[in-house]
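Notes for the structure review
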Amino acid sequence: MPVSLNLRDGYKKLIERDESIKERLDDLLRWMLLHKDMFNEKSHERSAMDFVCWRGLLTKILCTPYENREDWKIAAARYKGCIYLCEYDTQQKIENKRHEGVLQKEMSYWGFKFEQYVTTNVKDGHPDTDKPVNNNEAFVSVVRTHLNNHSLVFGGEVDCSDGDEYIELKTSRIMNDPKHIINFKRFKMIKWWIQSFLIGISKIICGFRDDDGIVKYLKTFKTNEIPTYCKDIRDCWKGTVCFNFCDEFLKFVRNSIELDYDKGIYVYEWMPHHSVSYKVMEPDSEYAFLPEWYTTQFECNRVDGASPPLCTDVLSKADHMSTRQ
């Protein structure tokens, strides 16, 4: 579908999220407090959750078997038998951010602008492309699922919906030669497929742009067809390999953690062509991410078994979340 969308438009008006504020799992934990009955161990045959994290962290783990450039660092805290996972910046990522150029910063805006061009707040409405883009705003879907013997609860941002199904929105550079197509299938499509598969998103709409940030055409990819679309490249990635690695990593984490969050935080690190390693940090170290307000509220119960009143300012940020099982 041919279009002409200028992704650079409005960049100077961007209402930008303060990246120096690290919220970790806070928004997800607020939502969980609002829906604490869903995670009541007594209402299930087995523990309601083994791991809690963001989708982005799971995506990194799942992509690891085919990753050859980016390393990762994950902190783990065990509380009430559940392991909470939180991503931390590696030194490589910190250095890359420090040396980020003006164009790179602007290009990170292009994806948000594309979302504004193709979405509206009301059905059959028209996009308001004149208002400033605000990348503080997001809608999150919370998913509870299983990977073999692991019960997972994770949240992931959802770009939009067509009324019936979630839709993922992406931008990518126009592919002019076979090498571009191969790299697109090998490096981008694996992440897009995993991101969408985890949340249950059935299709991805991509705006293909030129180097000046002008989207020239749109293309729709069905999530369940992406592995087939990519399998013609040599040594193509396989979803089973990704999920088997994730399963083994989660087993490794469960078996290696011996201390609860108030006794120690476990930090797992991985670099391309290396094995996963870990170290145990003090509970009050920089890797202490499980907030006191969460553990305090989670443990509070009235005599009659009902949940206590919850602090409004703690929960106000959890309004724009939904749940899927």
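These notes cover the structure that comes with them.

Thresholds applied
- Residues numbered from 1 in each chain as written.
- Predicted model: local features only at pLDDT ≥ 70, side-chain atom pairs only at ≥ 80, totals over all residues.
- Heavy atoms only, no water.
- Pairing = 2+ DSSP bridges.
- Helix = DSSP H or I, 4+ residues; strand = E, 2+ residues; numbered from the N terminus.
- Contact = heavy atoms within 4.5 Å.
- Axes fitted to C-alpha atoms, helices over the stretch in contact; angles between N-to-C directions.
- Left-handed = near helix turned anticlockwise from the far one by under 90°.
- Nonpolar A, V, L, I, M, F, W, Y, C, P; charged D, E, K, R; others polar.
- Patch = residues over 30% accessible without salt bridge, like charges linked within 9 Å, V, L, I, M, F, W, Y side chains within 5 Å.
- Areas by Shrake-Rupley, 256 points an atom, 1.4 Å probe, with all protein chains shown as cover.
- Salt bridge = Lys/Arg side-chain N within 4 Å of Asp/Glu carboxyl O.
- Buried < 20%, exposed > 50% of the residue type's maximum accessible area, 1.4 Å probe, protein only.

A word on the sheet that holds strand 9 (residues 203–209)
Read from one edge to the other, the open sheet built from 5 strands follows the order 1-10-9-8-7, with strand pairing classed as mixed. Looking at strand neighbours, the two that pair on one side only are strand 1 (2–6) and strand 7 (160–161), the edges of this open sheet. Sheet analysis places strand 7 next to strand 8 (residues 166–173), joined by 2 bridges and oriented antiparallel. Its bridge partner lying in strand 8, Ser161 is registered against Tyr166. Sitting on the sheet, helix 4 (residues 102–118) is in contact with strand 1, strand 8, strand 9 and strand 10 (214–222), with an inclination near 135° to strand 8.

What about the packing of helix 5 (residues 178–199) against helix 7 (residues 239–256)?
Put simply, helix 5 and helix 7 touch, their axes get as near as 12 Å, and they point 65° apart. Here helix 5 runs over helix 7; the crossing is right-handed. Here Ile190, Trp193, Ile194, Phe197 and Leu198 of helix 5 lie close against helix 7, whose contacting residues are Gly239, Cys242 and Phe243. Looking at the contact of helix 5 with helix 7 residue by residue, the class counts come to 7 nonpolar, 1 polar and no charged.

Some remarks on a nonpolar patch on the surface
Residues Phe252, Leu259, Tyr278 and Val280 make up a contiguous nonpolar surface patch of roughly 320 Å² in combined accessible area. Mapped onto the secondary structure, Phe252 falls in helix 7.

With respect to the environment of Arg209
Its place among the elements puts Arg209 in strand 9. With a relative accessible area of 10%, Arg209 lands in the buried category. Along the sequence, Arg209 and Ile174 sit 35 residues apart, while their C-alpha atoms lie 5.4 Å from each other. Those residues in contact with Arg209 that lie beyond four places of it in its chain are Leu7, Met107, Trp110, Ser172, Arg173, Ile174, Ile214, Val215 and Lys216.

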